[in-house]
Amino acid sequence: MPELFVVYDVVHKLSGSSQTLTKKNVIIACIIFTLVGTTWKILDIKKANRKAEIAQLPLRERGMALLEFEGCTSCHQPGNPFRAPILDKLHGSTVSLTNGTKIIADRDYILQSILNPKAQIVYGYQGTMPAYEDRFSQAEVDAFVEAMK
Ligand code: HEC
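For clarity, every value in this text was computed on a predicted model and none was experimentally measured.

This next bit is on the overall build of the chain. From N to C terminus, the chain includes five helices and two strands. With the C-alpha coordinates of the chain rotated into their principal frame, the extents come out at 70 × 35 × 25 Å. In the chain, the proportion of contacts linking residues at least 24 apart, taken out of those at least 6 apart, comes to 43%.

Attention shifts here to the site of the ligand. Surveying the vicinity of the ligand reveals 24 residues, the closest of which are C72, C75, A84, P85 and M129. At three residues, helix α4 (residues 107-115) tops the list of elements feeding residues into the shell around the ligand. When its residues are assigned to classes, the shell around the ligand shows 17 nonpolar, six polar and one charged.

This part takes up the domain arrangement of the chain. According to the domain assignment, the chain consists of domain 1 (4-55) and domain 2 (59-147). Relative placement of domain 1 and domain 2: their C-alpha centres are 37 Å apart.

Next up on the list: the nonpolar core. Of all hydrophobic cores here, the largest spans twelve residues; its members are M64, L66, L67, L87, L90, A105, I114, A143, F144, V145, A147 and M148. Secondary structure elements with two or more residues in this core: α3 (59-69) and α5 (138-147). Contact partners of F144, with chain neighbours within four places excluded, come to G63, L66, I110 and I114.

Here the focus is the environment of V26. Residue placement: V26 occurs in helix α2 (residues 23-55). C-alpha of V26 to C-alpha of T94: the two residues are 68 residues apart in sequence and 62 Å apart in space. Apart from residues lying up to four places away in sequence, V26 is in contact with Y8 and L21.

With that settled, the discussion passes to the packing of α3 against α5. Packing of α3 against α5 leaves a shortest axis separation of 7 Å and a crossing angle of 95°. In terms of orientation, α3 lies roughly perpendicular with respect to α5. Taken together, the residues of α5 that come into contact with α3 (itself represented by L59, R60, R62, G63, M64, L66 and L67) are E140, D142, A143, F144, E146 and A147. Here the contact of α3 with α5 is composed, by residue class, of seven nonpolar, one polar and five charged.

Summarising the element assignment, Q19 is placed in the loop between α1 (4-15) and α2. It is 15 Å that separates the C-alpha atoms of Q19 and A29, two residues lying ten residues apart in sequence.

Note: predicted coordinates in regions of low pLDDT should not be interpreted at a detailed level. In this model, the chain carries a mean pLDDT of 94, and residues with pLDDT of at least 70 account for 99%. Taken element by element, the chain is modelled with least confidence in α1, mean pLDDT 89, and with most confidence in strand β1 (residues 94-96), mean pLDDT 98.

Here we take up the packing of α1 against α2. Following both chains from N to C, one finds α1 and α2 inclined at 130°, their axes separated by 9 Å at the closest point. In this view, α1 runs oblique relative to α2, as classed from their interaxial angle. Viewed along their axes, α1 and α2 form a crossing whose handedness is right-handed. Residues L4, V7, Y8, V11, H12 and S15 of α1 lie in contact with α2, whose contacting residues are N25, V26, I28, A29, I32 and F33. By residue class, the composition of the contact of α1 with α2 is nine nonpolar, three polar and no charged.

Parameters at a glance
Residues numbered from 1 in each chain as written. Predicted model: local features only at pLDDT ≥ 70, side-chain atom pairs only at ≥ 80, totals over all residues. Helix = DSSP H or I, 4+ residues; strand = E, 2+ residues; numbered from the N terminus. Contact = placed C-beta atoms within 7 Å. Near = placed C-beta within 6 Å. Nonpolar A, V, L, I, M, F, W, Y, C, P; charged D, E, K, R; others polar. Domains from an automatic or database assignment. Core = buried A, V, L, I, M, F, W, Y, C linked by C-beta atoms within 7 Å. Buried ≥ 20, exposed ≤ 12 C-beta atoms within 10 Å, placed from the backbone. Axes fitted to C-alpha atoms, helices over the stretch in contact; angles between N-to-C directions. Parallel < 35°, antiparallel > 145°, perpendicular 65-115°, else oblique. pLDDT = per-residue confidence, 0-100. Left-handed = near helix turned anticlockwise from the far one by under 90°.

This is the structure in structure tokens:
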């Protein structure tokens, strides 16, 4: 959320006024500030509602919805391995790593791939995935794993 004085500064620059503080610009800045703040709050509530909704879904659907909600699908696009590996059917498959070894993608591997992706990098990719460390609960990790079956 931007600070009120930042909003004022922008309004002031756009208005081209030579005075440092004008009543009109203060009022405009306050109105914009309130509108932006309200929109921000509504988006926050919507996000929280969606998260609560997702938590009610059966495990696999929950995992699929989380992949979308958490932005994973912006890299892991279904059916498209260009930016990141395809996650569908990953569980139980054999993955080649950049260190030359192969590994079976079990729950532990998937868990580590999400929490600390740089530990094992999939062959053919760079370590560009962000680490999610403590972001997800056990139940959420289970949902992810289920979505990758
Ligand atoms: C910025 C792009 C990006 C985002 C966002 C991203 N990933 Fe990744 N992910 C990658 C790349 C690239 C790899 C392959 C390199 C590696 O192993 O780290 C990868 C690897 C993985 C792997 C191992 C895949 C395999 O074939 O062994 C899993 C599991 C995974 N990501 C899950 C997730 C989940 C779950 C999320 C969201 C919470 C997520 N990723 C978000 C880019 C991304």
